[in-house]
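Structure at a glance
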Amino acid sequence: MKNIERGSEYMESFYWLIAVAVLLIIEITTLGLTTIWFAGGAFIAFFASLLGADYLIQFILFVVVSVILLCFTRPIALRYFNNRRAKTNYESIIGQTAKVTLTIDNFNQSGSAIVNGQEWTARAERDDDIIGPGTQVKIVAIKGVKLIVTR
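Quick summary incoming for the structure in this document. Each chain has its residues counted from 1, running along the sequence as written. Selection of residues for local features in this predicted model requires a pLDDT of at least 70, selection of side-chain atom pairs for listing and counting requires 80 or more, and totals for whole chains, interfaces and linings are taken over all residues. Here the side-chain values reflect all heavy atoms present in the structure, with hydrogen atoms and water set aside.

**Let's talk about the pairing of strand E6 (residues 146-150)**
In this analysis, strands are considered paired if DSSP registers two or more bridges between them. The helix and strand labels rest on DSSP assignments: H or I over at least four residues marks a helix, E over at least two residues marks a strand, and numbering proceeds from the N terminus. As paired elements, strand E3 (residues 118-124) and E6 share 4 bridges and run parallel to each other. Considered in E6, the bridge of Ala122 is made with Leu147. Taken together, the 5 bridges between strand E5 (residues 136-143) and E6 define a ladder with antiparallel strand orientation. Each residue of the ladder has a partner; that of Lys143, found in E6, is Lys146. Between E5 and E6, which follow one another and run antiparallel, lie 2 residues, and Gly144 among them has a positive phi close to 65°.

**Structural notes on the packing of aromatic side chains**
In this description, an aromatic ring pair is defined by two values, namely the gap between the centres and the angle between the planes. Classification of ring pairs rests on two measures: the distance between centres of Phe, Tyr or Trp rings, Trp counted by its six-membered ring, which must be within 6.5 Å, and the angle between planes, read as stacked under 30 degrees, edge-to-face over 60 and tilted in between. In total, this model carries 6 aromatic pairs according to the counting rule given. An angle of 55° between the planes, with centres 5.5 Å apart, marks the rings of Phe46 and Phe47 as tilted. Among the aromatic residues, those joined into a cluster by ring pairs are Trp16, Tyr55, Phe59 and Phe62.

**Some points on helix H2 (residues 36-50)**
One less than the residue count of a helix, multiplied by 1.5 Å, gives the span that helix is expected to have. Counted at 1.5 Å a residue, the expected span for H2 with its 15 residues is 21 Å, and the 21 Å between its end C-alpha atoms agrees. Backbone geometry just after H2 places Gly52 at a positive phi near 90°.

**Overview of the pattern of salt bridges**
As a working rule, side chains carrying opposite charge can pair if their charged atoms are close by. Put simply, a salt bridge is a Lys or Arg side-chain nitrogen that is within 4 Å of an Asp or Glu carboxyl oxygen. Within this structure, the stated rule accounts for 2 salt bridges. One salt bridge connects Asp128 with Arg126, and the closest N-O pair in it is separated by 3.4 Å. Burial here depends on accessible area, computed with a 1.4 Å probe over protein chains only, as a share of the maximum for the residue type. Under 20% is buried, over 50% is exposed, and the range in between is partly exposed. Here Asp128 falls in the exposed class, since its relative accessible area comes to 57%. The salt bridge partner of Asp129 is Arg126, with a shortest N-O separation of 3.7 Å. When its relative accessible area of 14% is taken as the criterion, Asp129 is described as buried.

**Description of unusual backbone geometry**
If you check the backbone angles, Gln109 has positive phi at about 50° while not being a glycine. Secondary-structure assignment places Gln109 in the loop between strand E1 (97-105) and strand E2 (110-115). Residue class for Gln109 comes out exposed when judged on its relative accessible area of 62%. For Asn116, which is not glycine, the phi torsion reads 50° and is therefore positive. Within the secondary structure, Asn116 sits in the loop between E2 and E3.

In structure tokens:
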């Protein structure tokens, strides 16, 4: 009977090891720093299972360690990884100026502007602003495919 219980004990460890492997494979394929924190939690739960900890304790360790890693190390990692990433087209135009080509009127859902030779649908940052053609505006954000602009 003890051999069956011991085999069950090792199966829990095996499951945690599978979880670590799956989470690491997902992390490697996505490269987005998304599952690495949970892999760390699963790794700690794996060691707890090897030491004979109850399944509830293993699961609590998994959750607590994952949350701690996520909350405390993710901001640091994001600061140092991908910091040389080139801005995409839409990120690079935030803060630039554009020329209004069609009156921007949020109420009537109309407006367009040209920036870097490309025409975009545009909306005013404040709903009560109406901005006429030929006006230079500053791009403050992008929502979907629309420029959000201010005078």
